[in-house]
Structures are given as C-alpha cells and as structure tokens.
Amino acid sequence: MNVVSVNIGALTTILWKGKEVKTGLYKKSVKTPIFLAKETVEGDVVVDRRYHGGVDQAVYAYSKNHYNYWKELYPNLDWEYGMFGENLTVEGLDEAQIRVGDVYKLGTAIIEVTKPREPCMKLGVRFGTQKVLKQFWNNTKCGVYFKIIQPGKVAVGDQFKIIKTTKTALTIAALYDLKKSKKG
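Residues numbered from 1 in each chain as written. Predicted model: local features only at pLDDT ≥ 70, side-chain atom pairs only at ≥ 80, totals over all residues. Heavy atoms only, no water.

K.L.:
What's the story with the packing of aromatic side chains in this structure? I'm lost.
P.N.:
When we look at a pair of aromatic rings, we describe it by the centre distance and by the angle of the planes. With the rule as written, the count across this model stands at 20 aromatic pairs. Measuring from centroid to centroid gives 5.2 Å for Tyr74 and Phe127, while their planes differ by 80 degrees, and the two rings are edge-to-face. Note that Tyr74 is positioned in the loop between α1 (67-73) and β7 (88-91) and Phe127 in helix α2 (residues 121-127), a separation of 53 residues in sequence. Considered together, Tyr74 and Phe127 belong to a single accessibility category, that of buried residues. In textbook terms, an aromatic cluster arises when at least three aromatic residues are bridged by ring pairs, as seen for Tyr60, Tyr62, Tyr67, Tyr69, Trp70, Tyr74, Trp79, Tyr81, Phe84, Phe127, Phe136 and Tyr145. Residue placement shows Lys141 over the ring face of Tyr69; its charged tip is 4.5 Å from the ring centre. (Phe/Tyr/Trp six-rings, centres within 6.5 Å; stacked < 30°, edge-to-face > 60°. Helix = DSSP H or I, 4+ residues; strand = E, 2+ residues; numbered from the N terminus. Buried < 20%, exposed > 50% of the residue type's maximum accessible area, 1.4 Å probe, protein only. Lys NZ or Arg CZ within 6 Å of the ring centre and 35° of its normal.)

Rendered as structure tokens:
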C-alpha cells in the first residue's frame, strides 16, 4: 500500500434541508507532507468530534482502487482525491485484508488500524444524493480509520510498512459487515 494523495479540508458550509451545516468533509489534495498528530491531522478541519477525529479516528484512509467503482455510479461529479473526506488516498488498501490492531510505519509516523468509516448525510450532500449512503453501506468499500501511535509526517509516495499484524482480529470488511447487521 502506498499513499497517492494527502488531503486537508477547510471549514465548509453546506445547505441541508434548508439549514446551514458546517463540515470538514471537502478535502483537497496538498503538495506538502501532512502531520499526523495524536488526535487529528494538523491543519485539517474536523467539525463533529463525536464521529471524526479523536484518538481512534485521527486519520482516515480511502482506497484509490475504489474510485473507479464510484465514478461509474456518479460520472458527472468532479472527481478528485479526498472526495470521501479521506486524509490519505491509498493505492492497494483492501478492507478485506487489513485488520483491526494492525500497526504500520508510514512516513515518520506509526499508525494503528481501529475501525471502518460509517457514512453520514454530509457524504450524501457531497455526492448530490443521499442514496449514496445506502450504496456505501451495501459494500465494504468503507475506508479505514487509524489512531496515531507515534506522530509524524506523511507524504505522497510513502509506503505502509507492517510492524505488527493481528491474524486473529477481524478485518475491516468483516467489522463493517458486523456493524451493518446491527444497524439493519
């Protein structure tokens, strides 16, 4: 797995059912390395800390490999990395292979897999339809949250180097399926 884009979001105000809602979902690719701090990505806006940021959700990664699937469903969108609100767009990230508790060296940081991302209405606003939420739930292309064991910088081209794997732990895909069954 290697990083193909590092992305930062500014505070953005969107309209949802006639109300203004603030979000940091609209991430843009940046040319410089990003710094992964203990509970957040430095310079990245996180609005609702109940669902984003914090120790177990400090950085969000999404697979570049999933983009073509979504582009086919939504060909009229302006596609760019960061579209899913991810800080790291990663080539080769596979939720069926990566396990909760796996630890990686990435750039100068050390990160640990914690959980899958669950979609929210703000993703629907970004896609122009709330039906994307059901589509997001109906597959395991959910992306991965990491906690930061050792803060550090991450840049485009950095590779995930496994430090520790937990063969008995659930994969992110299996955990996501479990979460879906509990919600349904």
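K.L.:
Can you help me understand the pairing of β7 in this one?
P.N.:
In regular strands, side chains alternate between the two faces of the sheet. In the sheet, strand β1 (residues 2-9) pairs with β7 via four bridges, with the strands oriented antiparallel. Paired with Ser5 across the two strands is Thr89, which belongs to β7. Relative to β7, strand β6 (residues 59-63) runs parallel, the two being bridged by three bridges. In the sheet register, Tyr62 faces β7, and the bridge partner there is Thr89. (Pairing = 2+ DSSP bridges.)

K.L.:
I'm lost on unusual backbone geometry in this one. Help?
P.N.:
Trans is the prevailing form of peptide bonds, just as negative phi is the prevailing case for residues other than glycine. Unlike most non-glycine residues, Lys17 shows phi in positive territory, near 50 degrees. Turning to its location among the elements, Lys17 is positioned in the loop between β2 (12-16) and β3 (19-23).

K.L.:
Help me out: how do you make sense of the sheet that holds β1 in this one?
P.N.:
Picture the strands of a sheet paired through backbone hydrogen bonds; they go either parallel or antiparallel. Read across the open sheet, the eight strands follow the order β4-β1-β7-β6-β10-β9-β8-β12; overall the sheet is mixed. Each edge of the sheet is formed by a strand with only one pairing partner; in this case those strands are β4 (27-30) and β12 (161-164). When strand polarity is set aside, the average angle formed by the axes of neighbouring strands in this sheet is 40 degrees. Two elements, β6 and strand β10 (residues 144-150), share three bridges in a ladder whose sense is antiparallel. Residue pairing for β10: Tyr60 is matched across the bridge by Tyr145. (Axes fitted to C-alpha atoms, helices over the stretch in contact; angles between N-to-C directions.)

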